[in-house]
Amino acid sequence: MNDSLFKKLSESIKLRKEIFLLTITDCDEHELIGFKALLLPMGEFYAASPPPPSLQQMILNHSEKLVKRKRSGTFTFTWNGLKVECFAEYFPVPIHLIIAGAGHVCEPVARIGKMLRFYVTVIDDRNEFANRDRFPHVDEVVCQSFLNFFKKAELTEQTYILLLTRGHKYDVLSLQELLKRQEKPAYIGMIGSRRRISGVFEQLKGEFPKESFDQLFTPVGLDIGAQTPEEIAVSIMAEILKVKNRTSGSSLSLMIRNYAKLGFREGEIKWNSFT
C-alpha cells in the first residue's frame, strides 16, 4: 500500500472515523489489479493515483450498498468492456470506552477493554493518577476535571461510559453534564454502594424529573460475586458486552439443562432445532 494511503487510513482509524479500503482484485486489464483507494461513507474518495473519472464513478456506484450496510464485501461490474472485481474492506468506528476515575478498579478495566479492542480513554483530575506510567497501553489519558471533560466529550451510540470516581459529588457532576446533552451514549455504568447510589439519584431526580435513566447501570456489573479489582473488572466488562451485543447475559448452559429435563429424545429435537 502507498505510504500516503496508509497514513490516511491510519489517521481515520485514530480519529475514530469509519472508512473503506477498496482494492481491485481482478480485471481483464492486468495493470488495474491491485489498485487501491479509500472511501469515506460521506462519499470522499482518495487514491494516491486517481483512476479515470468514469472508473471512479463506477466504483462509487457499486460500493454504495456495502457502504449503507457497513459491511465488507466484493462487487463486480463492467467498465469500458472490461470485467472488474473489487473488494471493499470496512473499518468500523471502534467502540469508545471512557473510564472516569483512574483508581485501582480502572487499571484492570482498561486492560480488558483494550483486549476487547475498545478505544479506551481514561480521565481523572489528578496528575498522579492520570498519566502514561500507569496506563501505557490505553489510547488516551486525560488529566482534566470530569465536568469539563463531559461537557465536550463526543457521545454516540458507540460510546460506553464508566463512572469509577472517588466520590459522590464527582458522579453527580459527571451525570449532570451527560444528562444535559442531546447525544446519548449506549451505556453509563456507575460504581458505588447502595447509599452512594441512592444519594446520586436523589440529587438527579429533582433536576431531571422526566429522565428515565434507562442508560444508567448501577450498581455496575453482572452479579458474579466479584470481590477483587480484577473480578470487578470482569463483571463490568461482561455487562458492557451484554448491552453491546443485546443478549440476556444468562448462562449458556441453562437452555440445554432445561431441554435435558424433557428427556433425551425430545430435548435433543428441541436443542437441534434451536442451534
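Nothing here was measured: the structure is a model prediction, and the numbers come from that model.

Honestly, the sheet that holds strand β1 (residues 19-27) in this entry has me stumped. Any pointers?
As a general point, the strands of a sheet are linked pairwise by backbone hydrogen bonds and lie either parallel or antiparallel. Strand order in the open sheet made by the 5 strands is β3-β2-β1-β5-β4, with antiparallel pairing throughout. Of all the strands in the sheet, the pair left with one neighbour each is β3 (45-46) and β4 (73-79). Sheet contacts for helix α1 (residues 3-14): β1, β2 (36-39), β3 and β5 (82-91); angle to β2, the most-contacted strand, approximately 25 degrees. Helix-sheet contacts for helix α2 (residues 53-69) involve β1, β2, β3, β4 and β5, and the interaxial angle to β4 is about 145 degrees.

Sorry, what's going on with the packing of helix α3 (residues 106-115) against helix α7 (residues 229-245) here?
For any two helices packed against each other, one specifies the crossing angle of their axes together with the interaxial distance. The N-to-C vectors of α3 and α7 enclose an angle of 45 degrees; their axes lie 8 Å apart at closest approach. One way to sum up the angle between α3 and α7 is to call them oblique. For the pair α3 and α7, the sense of crossing is right-handed. Residues P108, V109, R111, I112 and G113 of α3 form the contact with α7, whose own contacting residues are P229, E230, A233, V234, I236 and M237. Classifying every residue of the contact of α3 with α7 by side-chain character gives 8 nonpolar, 1 polar and 2 charged.

For this particular structure, what's the right way to read α7?
Structural remark: α-helix, 3.6 residues per turn; residues separated by three or four positions point the same way. Compared with the 24 Å implied by 1.5 Å per residue over 17 residues, the 24 Å span of α7 between its first and last C-alpha is a close match. The set of residues buried in α7 consists of A233, S235, I236, M237, E239 and I240. Residues of α7 that are buried sit in contact with β6 (96-100), α3, β9 (159-163), β10 (187-190) and β11 (216-217). Directly beyond the C-terminal end of α7, a positive phi value near 55 degrees is found at R246.

For this particular structure, what's the right way to read the packing of aromatic side chains?
Two numbers describe a pair of aromatic rings. These are the distance of the centres and the angle of the planes. The full count for this structure, using the stated rule, is 7 aromatic pairs. Between F118 and Y160, the ring centres sit 6.3 Å apart and the planes meet at 75 degrees, which makes this aromatic pair edge-to-face. Residue F118 is found in the loop between α3 and β7 (119-124), and its partner Y160 is found in strand β9; the two are separated by 42 residues along the sequence. The exposure classification of F118 matches that of Y160, with both residues buried. Counting every residue linked through ring pairs, the aromatic cluster contains F118, Y160, Y187 and F217. For K8, the ring lying beneath its charged end belongs to Y46, and the centroid distance is 5.4 Å. Positioned above the aromatic ring of Y119, the side-chain terminus of R16 is 4.6 Å from the ring centre.

Could you clarify how one ought to interpret the nonpolar core in this entry?
In summary, soluble globular proteins display a tendency toward joint burial of nonpolar side chains. If you look at the biggest cluster of nonpolar residues, it comprises 24 residues, and the most contacted ones within it are F150, I161, L163 and L175. Contributing elements (two or more residues each) for this core: β6, α4 (146-152), β9, α5 (168-180), β10 and α6 (194-207). For this core, the element with the most residues is α5, which contributes 5 residues. Of all hydrophobic cores here, the second largest spans 23 residues; its members include I24, C27, L39 and L60.

Sorry if this is basic, but what is going on with the pairing of β2 here?
Within a regular beta strand, the side chains point alternately toward one face of the sheet and then the other, so they alternate between its two faces. Relative to β2, β1 runs antiparallel, the two being bridged by 4 bridges. When the sheet's bridge partners are listed, L21 is paired in β2 with L38. Pairing geometry for β2 and β3, over 2 bridges, is antiparallel. Of the residues in β3, the one forming a bridge with L39 is F45. Here β2 folds back onto β3, and the loop between the two strands holds 5 residues, one of which, G43, carries a positive phi near 105 degrees.

What counts as what
Residues numbered from 1 in each chain as written. Predicted model: local features only at pLDDT ≥ 70, side-chain atom pairs only at ≥ 80, totals over all residues. Heavy atoms only, no water. Pairing = 2+ DSSP bridges. Helix = DSSP H or I, 4+ residues; strand = E, 2+ residues; numbered from the N terminus. Contact = heavy atoms within 4.5 Å. Axes fitted to C-alpha atoms, helices over the stretch in contact; angles between N-to-C directions. Parallel < 35°, antiparallel > 145°, perpendicular 65-115°, else oblique. Left-handed = near helix turned anticlockwise from the far one by under 90°. Nonpolar A, V, L, I, M, F, W, Y, C, P; charged D, E, K, R; others polar. Expected span 1.5 Å × (residues − 1). Buried < 20%, exposed > 50% of the residue type's maximum accessible area, 1.4 Å probe, protein only. Phe/Tyr/Trp six-rings, centres within 6.5 Å; stacked < 30°, edge-to-face > 60°. Lys NZ or Arg CZ within 6 Å of the ring centre and 35° of its normal. Core = buried A, V, L, I, M, F, W, Y, C linked by side-chain atoms within 4.5 Å.

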